[in-house]
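Below are the chains, spelled out letter by letter.
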Amino acid sequence: EESEAETQEAAPTESETRTQSTLTVFQSNKRLKSEVWKEYIPIGDREDGKKMGRCMHCQKKFCIEISHGTSAVTRHLEICPMRAGNSEVAKKYDPKVDRDMVSEIIIYHDLPFKYVEYEKVRARDKYLNPDCHHICRQTAGADVLKRYEMEKVKLKKIFADHKGRVCFTADMWSARTTMRSYICLTAHYIDDSWRLHNKILAFCDFEAPHTGDEIATKVLDSLKEWGLEQKVFSFTLDNATSNTSMLGILKNRLQLANKLPCDGKFLHVRCSAHILNLIVKEGLLLIGGLLESIRNSVKFVKATRARIDSFAAYSNSLGIDSKAGLSLDVPTRWNSTYLMLARALKYRKAFASLHLCDRNYKTLPSEVEWERGEKLCDLLKPFNTITTYFSGVKYPTANIYFMQVWKIELLLKKYSVCDDIDVKLMALKMKTKFAKYWDEYSIVLAMGAVLDPRFKTLILKSAYDKLDPSTSEKKVEVVKKNLKLLYEEYKTKPWTSSTSSTKLTPLELLTESPLEDDSDLDFFELERSAKLDSNNTKSSLDLYLEEPRLEFGAFADIEVLSYWKNSGHRHGDLSALASDLLSIPITTVAAESAFSVGGRVLNPYRSRLLPETVQALLCTRNWLRGFAEFDGDIDDYFDEEKDISTNVTSSSSV
């Protein structure tokens, strides 16, 4: 037994065996005597007869002929990533870092927790590092929750240090499979560098009843949890009745501690995209018969593969580019109806050919209907462009709102007096709906346009003149009056802009007193004294409005945030107001984006995820990645949750 133990203790390691084998081979070749060859293993001859060897650490191949010298192989050993001793290159494996990276991969790419148990993933991990420690899906889920809490602490600190106010959007979303509802609250703010940020603060379970009081309580609890109840500037919401009730209750509760500027006068902002959707849908009700004929025609073509091929052949024979094929609309998106109409008009002659060759096709629109469709398509095209602008741009700043709504009103005014009776009736019906929601443009968002250096009040006046010269002056004065009211409150309240900087400007360096108590040398103190003797000193707002505006031709592509970043120091305390006003979201696109991701997280295979896990996944994904597009595969989710068969859908109950 002692003899066997001694034999086992003396057994060489694999590395020692390889080294000994290498030495034996190289010793037989007396010309290769350098110590460097001890770390290379001969592997035979090349076709040209030269001997080859590979690095015993990383397996890279080299020629080991004496005529090639040792410079190359020596340099390789110095940087070989697998060689012990190259500490700067080959980092020691840290299982904690590995787990942190895995949790980030799951969050960032919408992967299921089961990802860590995939056979080939584990095989690859072992290939890359034999020392890696595999974890189970339960551990992966726990790591995600830890990462959520860690990122939440970081974001809370950012909000605590943020000196300006924060704007919010809120909406509700329901999963039909689980009968569970979620409320999404997003925050929008501009940081010290004048960058616009959008963060999901809550995506939490919300049980019935969904009354205004219950929603207000849930929102206020979230605001208090994040320490933002005293930094609220506005809420952008759709037109659901519960929203109006909720905001009234929330406004009263926040006003108890005097926490809203101007007593909450500018708290409620209506979602522009939602209002535009309601306006256009009102007009589409008048052309239901035409749309039904086109919709049935598209359905007929797309019913079978044979019909699709035949229709493509007709199109090609008529010289119609068929790359962009027919599309069918969906009830919840009016612009999908516009796209269906626009594409069908392109294939007008192909439908006529189909009617001649296929007796089963019986829903061909008449020539009168096609001509009416072309006119209606011309009417709807600019609305589609504006809808895309509102919803396609991720988060447009508040300055773009005014001109887009003005364009809509101008178009409706034009078409409501046109000669075509169908278009005229449709425009009049849409105009009535427009007046219900936008008869008076949102004042707070119009103020955002004034803070665009290319607009100011001059462009607002010209725009109002185009609509009704008799009321333009009054409307501009209303905007100016409210802007001054808000500005004066910003001057008197102890709110400091998030864009203020601790770095001294050249003017501050010039006027800074060299002695702390020497007020006679303080230029700013002299200025304040002068103001007491004169009422003619103009405010930063007055000076901004009196400055010449920037010309559109020269500054068409200017970003308004870049302007305030570079020129904000000239406008003093007005920059604090600009920072908050320009961060107001004009739509609830942020919440809709969250629901889009939520539908993939709570897909039929994962609908049993706990609400806390859903919130952790969605919020942390947003904090790490923003509102990026989903790039995963929906079929990769939990196998154990495949007993759910109904898709998750959304509804705008808030």
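- The protein chain is annotated in an unreviewed UniProt entry as Putative AC transposase of Noccaea caerulescens.
- Regarding the protein chain, the UniProt comment filed under Subcellular location (unreviewed entry) reads as follows: "Nucleus".

### A closer look at the pattern of salt bridges
And then number 1: Applying the stated rule across the entire model yields 28 salt bridges.
And then number 2: Residue Arg621 pairs with Asp110 through a salt bridge whose shortest N-O separation is 2.8 Å. Highlighted residues: Arg621 in helix H26 (residues 611–625) and Asp110 in the loop between helix H4 (95–108) and helix H5 (119–128), separated in sequence by 511 residues. Assigned by exposure class, Arg621 and Asp110 land together as buried.
And then number 3: Residues Arg454 and Asp452 are paired through a salt bridge, measuring 2.9 Å at the closest nitrogen-oxygen approach.
And then number 4: Through salt bridges with shared partners, one network takes in Glu104, Arg147, Glu151 and Lys154.

### A word on unusual backbone geometry
And then number 1: A positive phi angle is found at Trp194, which is not glycine, with a value near 60 degrees.
And then number 2: Residue placement: Trp194 occurs in the loop between strand S5 (180–190) and strand S6 (196–205).
And then number 3: The exposure class of Trp194 is buried, given its relative accessible area of 7%.
And then number 4: Even without being glycine, Cys262 reaches a positive phi, approximately 55 degrees.
And then number 5: Tracing the sequence through the fold places Cys262 in the loop between helix H8 (241–255) and strand S8 (268–270).

Conventions adopted
Per chain, the residues get numbers from 1 upward, laid out in the order the sequence is written. At least 70 in pLDDT is required for a residue's local features to be given in this predicted model, at least 80 for side-chain atom pairs to be given and counted, and no such filter applies to totals for whole chains, interfaces and linings, which use all residues. The basis for every side-chain value is the complete set of heavy atoms in the structure, and neither hydrogens nor water enter the calculation. UniProt positions are given in the numbering used here, feature names are shortened, and annotations may be inferred rather than shown by experiment. By convention in these notes, a salt bridge is any Lys or Arg side-chain nitrogen within 4 Å of a carboxyl oxygen on Asp or Glu. Put simply, DSSP marks the helices as runs of H or I at least four residues long and the strands as runs of E at least two long, and each gets a number from the N terminus on. Any residue under 20% of the maximum accessible area for its type is buried, any over 50% is exposed, and the rest in between are partly exposed; the area is computed with a 1.4 Å probe on protein chains only.

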